[in-house]
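A look at the structure
What follows is the residue order along each chain.
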Amino acid sequence: MDLIDGIIFAANYLGSTQLLSDKTPSKNVRMMQAQEAVSRIKAPEGEAQPMTEVDLFISTQRIKVLNADSQETMMDHPLRTISYIADIGNIVVLMARRRMPRPDSMDSVEASDPAEDEKQRQYKMICHVFESEDAQLIAQSIGQAFSVAYQEFLRANGINPEDLSQKEYSDLLNTQDMYNDDLIHFSKSENCKDIYIEKQKGEILGVVIVESGWGSILPTVIIANMMHAGPSEKSGRLNIGDQIMSINGTSLVGLPLSTCQTIIKGLKNQSRIKLNIVRCPPVTTVLIRRPDLRYQLGFSVQNGIICSLMRGGIAERGGVRVGHRIIEINGQSVVATPHEKIVHILSNAVGEIHMKTMPAAMYRLLTAQEQPVYI
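Residues numbered from 1 in each chain as written. Predicted model: local features only at pLDDT ≥ 70, side-chain atom pairs only at ≥ 80, totals over all residues. Heavy atoms only, no water.

1. Points about the pairing of strand E17 (residues 324-329)
Across the 6 residues of E17, 5 count as buried, placing the element largely inside the fold. Strand direction decides the pairing type here: E17 and strand E19 (residues 351-359), joined by 5 bridges, are antiparallel. In the strand pairing of E19, Ile326 is matched with Thr357. Pairing of E17 with strand E18 (residues 332-333) involves 2 bridges; the strand directions are antiparallel. Looking across to E18, one finds that Glu328 is bridged to Ser333. Hairpin connection from E17 to E18: 2 residues lie between these consecutive antiparallel strands, with Asn330 at a positive phi of about 50°. (Buried < 20%, exposed > 50% of the residue type's maximum accessible area, 1.4 Å probe, protein only. Helix = DSSP H or I, 4+ residues; strand = E, 2+ residues; numbered from the N terminus. Pairing = 2+ DSSP bridges.)

Structure, rendered in structure tokens:
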């Protein structure tokens, strides 16, 4: 509902640049285009970066950029024209597509040349570059806006999004270059459940939640621990690893961990709580297909924990998630393996690379390295 009305983020506008692009570039190409836009606009190290304080207005209809002081509209893009949104650290790149105008000479003989026809199918990509502490949240919110807009479109045409068939989900899966089974898992009704927890007013829910990890198809929070004899454990309906999609009708998808914790803490005085969850095992199965060593894996590891991930790379498509600890590589446990050896194994692995991972925070709880703080 917030996205339908519109939400606002504070940001610094660094500048815009224009790129030529095919109509439907791959994720890898889009990410390279975003990085090129940043390199064009970012001031060289040591030089002052020109910037304007702005408000980014995001809704299911459009994305507007307003001058923070005067509130004058600097840019206004209908949502359907947005081709890609990239968050790189604290930088957000907003990419809007415009069809290049066809020249007046299109009726001439020269215009029928195949190379010229191909050129006409190119688009101008307008890349706006912003800096914000909420870069990742901005990107997630725009992603959610597309999702909500699509559901509203279906409803406007008399289609209930919840009535989409398994075949349609399968067709969607086939159009995505995804190697892990997240989309299938999340689309199966038997994995999605509404759970009701009864508790005393003033009593906490008795769970520990952690982030599912950047790179998840639906980023949300995971139940990492349950308080012994607490309401959640006593219900017998929740498991460690379950992902909470919504609680009392409030979606947690794309929200920061601290916000999700605040929402759950705010339910302390309620006696009946409804959770919509997706049954997930605590361990995530990852499959990376790497044809040869020339292909970068697209993620970095520090002491067994995945700390960065290239959007659109083979690792993201395979199910790798930031903040997860690697438990196993190709059937071999790496829990007690030194950092250098893990890097060596991954650097030299080709073909199908099978990994098992889990949120590092959950791993620390399960191995008693940290004490749980229940909410």
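2. Overview of the environment of Ser271
When you line up the elements, Ser271 lands in the loop between helix H8 (257-265) and strand E13 (272-278). Residues Ser271 and Glu198, 73 residues apart in the sequence, show an inter-C-alpha distance of 5.8 Å. Apart from the residues within four sequence positions on either side, Ser271 is in contact with Ile197, Glu198, Lys199 and Lys201. (Contact = heavy atoms within 4.5 Å.)

3. Looking at helix H10 (residues 339-347)
Of all the positions in H10, only His339, Ile342 and Leu346 are classed as buried. Down the axis of H10, the buried side of the element spans an arc of 65°, and every buried residue falls inside it. Opposite its buried face, H10 presents the exposed residues Glu340 and His344, each directed more than 90 degrees away. Of the surrounding elements, those touching the buried residues of H10 are strand E14 (284-290), strand E15 (299-302), E17 and E19. (Arc of directions from axis to C-beta.)

4. A short note on the side chain of Asn225
Mapped onto the fold, Asn225 is located in strand E10 (residues 221-226). A distance of 3.3 Å separates polar atoms of two side chains, one belonging to Asn225 and the other to Tyr374. The residues touching Asn225, leaving out its near neighbours within four places in the chain, are Gly206, Val207, Val208, Ile240, Leu365, Pro372 and Tyr374. (Polar contact = N/O pair within 3.5 Å; in protein donor to acceptor, adjacent residues only side chain to side chain.)

5. What to know about the environment of Glu370
Positionally, Glu370 belongs in the segment after helix H11 (360-366). With relative accessibility at 35%, the residue Glu370 sits in the partly exposed group.

6. Observations concerning the packing of aromatic side chains
Enumeration over the complete set of coordinates arrives at 1 aromatic pair. With a centroid separation of 5.6 Å and 50° between ring planes, the pair formed by Tyr13 and Phe130 is classed as tilted. Pair noted here: Tyr13 is in strand E1 (residues 7-21) and Phe130 is in strand E7 (residues 123-131), with a separation of 117 residues, a long-range link. Comparing Tyr13 with Phe130, the two get one shared label, buried. (Phe/Tyr/Trp six-rings, centres within 6.5 Å; stacked < 30°, edge-to-face > 60°.)

7. Concerning the pattern of salt bridges
Two side chains of opposite charge can pair, provided their charged atoms sit close to one another. Per the stated rule, a full pass over the model turns up 7 salt bridges. A salt bridge links Arg40 to Glu36, with the nearest nitrogen and oxygen atoms 2.9 Å apart. One end of the pair is Arg40 and the other is Glu36, both in helix H2 (residues 27-41) and 4 residues apart, which spans about a single turn. Its salt-bridge partner being Glu352, residue Arg289 comes within 3.3 Å of it at the nearest N-O pair. Of the two residues, Arg289 is situated in strand E14 and Glu352 in strand E19; the sequence distance between them amounts to 63 residues. A residue is classified by how much of its surface remains accessible, and Arg289, at 38% relative accessible area, is partly exposed. (Salt bridge = Lys/Arg side-chain N within 4 Å of Asp/Glu carboxyl O.)

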